[in-house]
Amino acid sequence: MNKKQAGLAAVMGGVLLLAGCTHSVSNVDSQGMTDKPVFPDMASAVRTEGSFVNIDNLKQVRKGDTKAQLYELIGTPHFYEGTFRVKEWNYIFHFTKADNSVLTCQYKVLFDSHMKAQSFYFLPENCLSLLNAKKAVPALPASVAHQEFTAESLFAFGSASLSAAGVSQVQKMAQGLKAADLGDRNVVVSAYTDRIGKPADNLRLSQARADSVKQLLVAGGIPASHIVTRGLGDSEPRVRCDGSKSPTVIDCLAPNRRMVVDVVNAR
């Protein structure tokens, strides 16, 4: 190649470079706006791996930022945007969600004729909403969300130790709770007694029974931090039976002696 040809090639290369540098994927006006942002194919990025952006820095990006300020906040663009009066920067950003999964979004900054940032776009548009969205927890079957047991089916009269039949029932309940997707929900175990005996003793007995159920649920794989126990003694009776302690009165008061297990949303 002679000098004349080399000079022509250099000029043509400069023209092509300039054309590449001023190219925008979106149709950007002089105000740094567009009616329809167009995002480049991520496979065409210079940094196809993108970056884990600092979310606090991203929140500081605003209209009027210079390119130097954007460099400091969110780094260099991940696509070849050129260097001369470029009106568009594109990024591939990754965000770590609360469940440790990774959300990937594209991010676009458009500049006005003075090279000041003016408009910002995500793909998908609701990127940050997806980042903050809580995982949808499936509804629980009614048979799991609310369960009731008679005290006699779990304990001997006046005892807080689970019977063999009681152990079997609570273990079965634990299996059902574990199979269901509890998410952040709590298991509330409420124990009730009848009115026979001193109220303070009834409160202690009911709390001890609720705690016994909790211990077996934990052994069955339900996190202790998600189990709340309540010993409610002889409060909230379902039936009223007159008379002092006798086999007939004890039998009459049976509906009051119960264990109730509810799965509720955590507050």
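Look up a bit, the structure's there.
This is a predicted model, so every value here is computed, not measured.

Participant: Tell me about the overall build of the protein, and name the residues and values.
Facilitator: Tallying secondary structure elements over the protein gives nine helices and eight strands in all. Burial status across the protein gives 38% buried among its 267 residues. Relative to all contacts within the protein whose residues are 6 or more apart in sequence, the contacts with residues 24 or more apart total 66%. On the protein, roughly 15500 Å² of surface is accessible, and the fraction owed to carbon and sulfur atoms is 56%.

Participant: Could you give me a rundown of the pairing of strand β8 (residues 258-264), with the residues and numbers involved?
Facilitator: Of all seven residues in β8, five are buried; the element is thus mostly enclosed. Bridge count between strand β5 (residues 146-150) and β8: five bridges; the pairing is antiparallel. For T150, the partnering residue across the bridge sits in β8 and is R258. As paired elements, strand β6 (residues 186-192) and β8 share seven bridges and run antiparallel to each other. Counterpart to N186 in the pairing with β8 is V264.

Participant: Just give me the short version of the pattern of salt bridges, but keep the residues and values in it.
Facilitator: Evaluation of the coordinates by the stated rule reveals six salt bridges. One salt bridge connects E88 with K108, and the closest N-O pair in it is separated by 2.3 Å. A residue pair is termed long-range when its members are at least 10 positions apart, and E88 in strand β2 (residues 88-96) and K108 in strand β3 (residues 102-111) qualify at 20 residues. Residues E152 and R257 are paired through a salt bridge, measuring 2.6 Å at the closest nitrogen-oxygen approach.

Participant: An account of the state of the cysteines is requested, with residue identities and associated values reported.
Facilitator: Covalent bonding between the sulfur atoms of two cysteines is what defines a disulfide. Enumeration over the complete set of coordinates arrives at two disulfides. Between the sulfur atoms of C105 and its disulfide partner C127 the distance amounts to 2.1 Å. Linking C105 and C127, the disulfide has an S-S dihedral of approximately 95° and is accordingly described as right-handed. In this pair, C105 is assigned in strand β3 and C127 in helix α4 (residues 127-132), connecting sequence segments 22 residues apart. Summarising the burial analysis for this pair, C105 and C127 share the class buried. Residue C241 pairs covalently with C252 via a disulfide, S to S 1.9 Å. With the S-S dihedral at roughly -75°, the linkage between C241 and C252 falls on the left-handed side. Of this pair, C241 sits in the loop between β7 (227-231) and α9 (247-252) while C252 is found in helix α9, placing the two residues 11 residues apart along the sequence. Take C241: its relative accessible area is 7%, and that puts it in the buried class. For C252, a relative accessible area of 33% translates into the label partly exposed.

Participant: Describe the side chain of H78, naming the residues involved and giving the relevant values.
Facilitator: Mapped onto the fold, H78 is located in the loop between α3 (67-74) and β2. A relative accessible area of 1% places H78 in the buried class. Side-chain polar atoms of H78 contact the side chain of S51, separated by 3.4 Å. Apart from the residues lying within four places of it in its own chain, the contact partners of H78 are A45, V46, R47, G50, S51, N90, Y91, I92 and F93.

Participant: Break down the packing of aromatic side chains for me, citing the residues and quoting the values.
Facilitator: Within this structure, the stated rule accounts for six aromatic pairs. For the pair W89 and F111, a centre-to-centre distance of 5.2 Å together with 75° between the ring planes defines the contact as edge-to-face. Taken together, the residues W89 in strand β2 and F111 in strand β3 connect sequence positions 22 residues apart. Here W89 matches F111 in class, with each residue buried. Their ring planes at 50° and their centres at 6.3 Å tell us that Y91 and Y107 sit as a pair that is tilted. Placement of the pair is Y91 in strand β2 and Y107 in strand β3, with a sequence separation of 16 residues. Comparing Y91 with Y107, the two get one shared label, buried. A network of ring pairs unites the aromatic residues Y91, F93, Y107 and F122 as a single cluster. Cation over ring: K67 sits above F111, and NZ or CZ is 4.9 Å from the ring centre.

What counts, and at which threshold
- Residues numbered from 1 in each chain as written.
- Predicted model: local features only at pLDDT ≥ 70, side-chain atom pairs only at ≥ 80, totals over all residues.
- Heavy atoms only, no water.
- Helix = DSSP H or I, 4+ residues; strand = E, 2+ residues; numbered from the N terminus.
- Buried < 20%, exposed > 50% of the residue type's maximum accessible area, 1.4 Å probe, protein only.
- Contact = heavy atoms within 4.5 Å.
- Areas by Shrake-Rupley, 256 points an atom, 1.4 Å probe, with all protein chains shown as cover.
- Pairing = 2+ DSSP bridges.
- Salt bridge = Lys/Arg side-chain N within 4 Å of Asp/Glu carboxyl O.
- Disulfide = S-S within 2.5 Å.
- Polar contact = N/O pair within 3.5 Å; in protein donor to acceptor, adjacent residues only side chain to side chain.
- Phe/Tyr/Trp six-rings, centres within 6.5 Å; stacked < 30°, edge-to-face > 60°.
- Lys NZ or Arg CZ within 6 Å of the ring centre and 35° of its normal.

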